[in-house]
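Structure at a glance
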Amino acid sequence: MIEVLIENILNYDQHVLLAVNSLHNPYWDLFMFSVSGKLIWIPLYASILLLLLRNFSYKAVLFSLLTIGVMMLITDTLTAQWIRPMIGRMRPSNLDCPIGHLVHTVNNYRGGAYGFPSNHAGNCFGLAFFICFLLRKRWLSVFMIGWAAVVCYSRMYLGVHYPGDILGGITFALIGSALVYRTLLYIEGPYHRCQLKGTLIPVWVGLGIFTYIAIASFVMYLMA
C-alpha cells in the first residue's frame, strides 16, 4: 500500500514537472535562466543588508548575518553534501534519468547529478522566511515569498528540479529559518517590535531586477 502511494506521488511529480517544463518558448527560456541565476540578485541582498544597517545596531546586524549564514549552512551545505547523495534522486534533466530525454534544457544546463532537496528552494525560502520572522512587514514579506516562489518555479521550468525537490527544500528552509530566528531572539530580543524605516527598499530593488530581466530578455529575444 505504501509502495503504491509513493509510486503514485513520484508519477504525479514527474507529470507536473513535464507540464511546467513543456511551457517553454525562446523568451521565457531567457527570462527563467536569468531568474535562476545567483549573481543577478546581489543588489537585493545588498538592499536587505542596508535595511538592517539602517534600523539596528552593528552588533544586531552582525548577529543577523551570522544567523543567516548558519541558516544557509543548514539549507545548502547540509543538503548538498549529505542529504542529496544519501537519497540519490536524480535530477529530471540528468541524462541517466528515465525522463531525461523528455526534458527541455536551456543553454544545455542540466545541473548536478542529484536534486533532492533543492538548494535554490532552501536558500531563497530560507532567506524569505527569516526576513518574514525578523521584520514582520506585510509587503516586504509578500515580496520575499513571491520572489522565492518565482525562483523555484524557474528551477522546474529549466527542468533541473521536480516539484518534490522544491517542497523538500522549502521544508528545510522553514525548519532552518525558524531555528536560527529563535536563537537570535534568545540572544538579541524581538527585533520586530522596533519602528523600522525603509522596509520597502528591498521590494523596489527586487522589482527593479525583475524589470531589468524582463527587458534584457526581450532585447536578447529580438536579437536572436
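Look a little higher up for the structure.
Residues numbered from 1 in each chain as written. Predicted model: local features only at pLDDT ≥ 70, side-chain atom pairs only at ≥ 80, totals over all residues. Heavy atoms only, no water.

**So, the side chain of His161**
- Turning to its location among the elements, His161 is positioned in the loop between α6 (138-157) and α7 (163-188).
- A polar contact of 3.0 Å, which involves the side chain of His161, links it to the backbone oxygen of Gly115.
- A distance of 3.4 Å separates polar atoms of two side chains, one belonging to His161 and the other to Asp165.
- Those residues within four positions of His161 in sequence are excluded, and the remaining contacts are Leu17, Arg84, Arg91, Pro92, Gly115, Ser118, Arg155, Met156 and Ile166. (Helix = DSSP H or I, 4+ residues; strand = E, 2+ residues; numbered from the N terminus. Polar contact = N/O pair within 3.5 Å; in protein donor to acceptor, adjacent residues only side chain to side chain. Contact = heavy atoms within 4.5 Å.)

**Some thoughts on the packing of α6 against helix α8 (residues 201-223)**
- Here α6 crosses α8 at 30°, and the two axes come no closer than 9 Å. Put simply, α6 runs roughly parallel to α8. Of the two possible hands of crossing, α6 and α8 adopt the one that is left-handed. Residue-level contacts link Trp139, Leu140, Phe143, Trp147 and Val150 of α6 to Pro202, Val203, Gly206, Leu207 and Phe210 of α8.
- The residue makeup of the contact of α6 with α8, split by class, is nine nonpolar, one polar and no charged. (Axes fitted to C-alpha atoms, helices over the stretch in contact; angles between N-to-C directions. Parallel < 35°, antiparallel > 145°, perpendicular 65-115°, else oblique. Left-handed = near helix turned anticlockwise from the far one by under 90°. Nonpolar A, V, L, I, M, F, W, Y, C, P; charged D, E, K, R; others polar.)

**Describing the pattern of salt bridges**
- Evaluation of the coordinates by the stated rule reveals two salt bridges.
- Measuring nitrogen to oxygen at the nearest pair gives 2.9 Å for the salt bridge that ties Arg89 to Asp13. Residue Arg89 is located in the loop between α4 (58-87) and α5 (119-135), and its partner Asp13 is located in helix α1 (residues 2-21); the two are separated by 76 residues in the primary sequence. Across this residue pair, the class does not change: Arg89 and Asp13 are buried.
- The partner of Asp165 in a salt bridge is Arg89, and the shortest N-O contact between them spans 3.3 Å. On the criterion of sequence distance, the pair formed by Asp165 in helix α7 and Arg89 in the loop between α4 and α5 is long-range, its members being 76 residues apart.
- Classification of Arg89 as buried rests on a relative accessible area of 19%.
- Salt bridges sharing common partners tie together Asp13, Arg89 and Asp165. (Salt bridge = Lys/Arg side-chain N within 4 Å of Asp/Glu carboxyl O. Buried < 20%, exposed > 50% of the residue type's maximum accessible area, 1.4 Å probe, protein only.)

**Considering the environment of Ala128**
- When you line up the elements, Ala128 lands in helix α5.
- Separated by 17 residues in sequence, Ala128 and Ile145 place their C-alpha atoms 5.7 Å apart.
- Ala128 has contacts with Met144, Ile145 and Ala148, leaving out every residue within four places of it along the chain.

**A look at the environment of Tyr162**
- Within the secondary structure layout, Tyr162 lies in the loop between α6 and α7.
- Given the relative accessible area of 3%, Tyr162 is considered buried.
- Taking C-alpha positions, Tyr162 is 19 Å from Asn107, a pair spaced 55 residues apart along the chain.
- In this view, Tyr162 contacts Asp13, Gln14, Leu17, Arg89, Met90, Arg91, Pro92, Cys97, Ile99 and Met156; residues no more than four positions away in its chain are not counted.

Bear in mind that shape data such as this cannot, by itself, settle questions of function.
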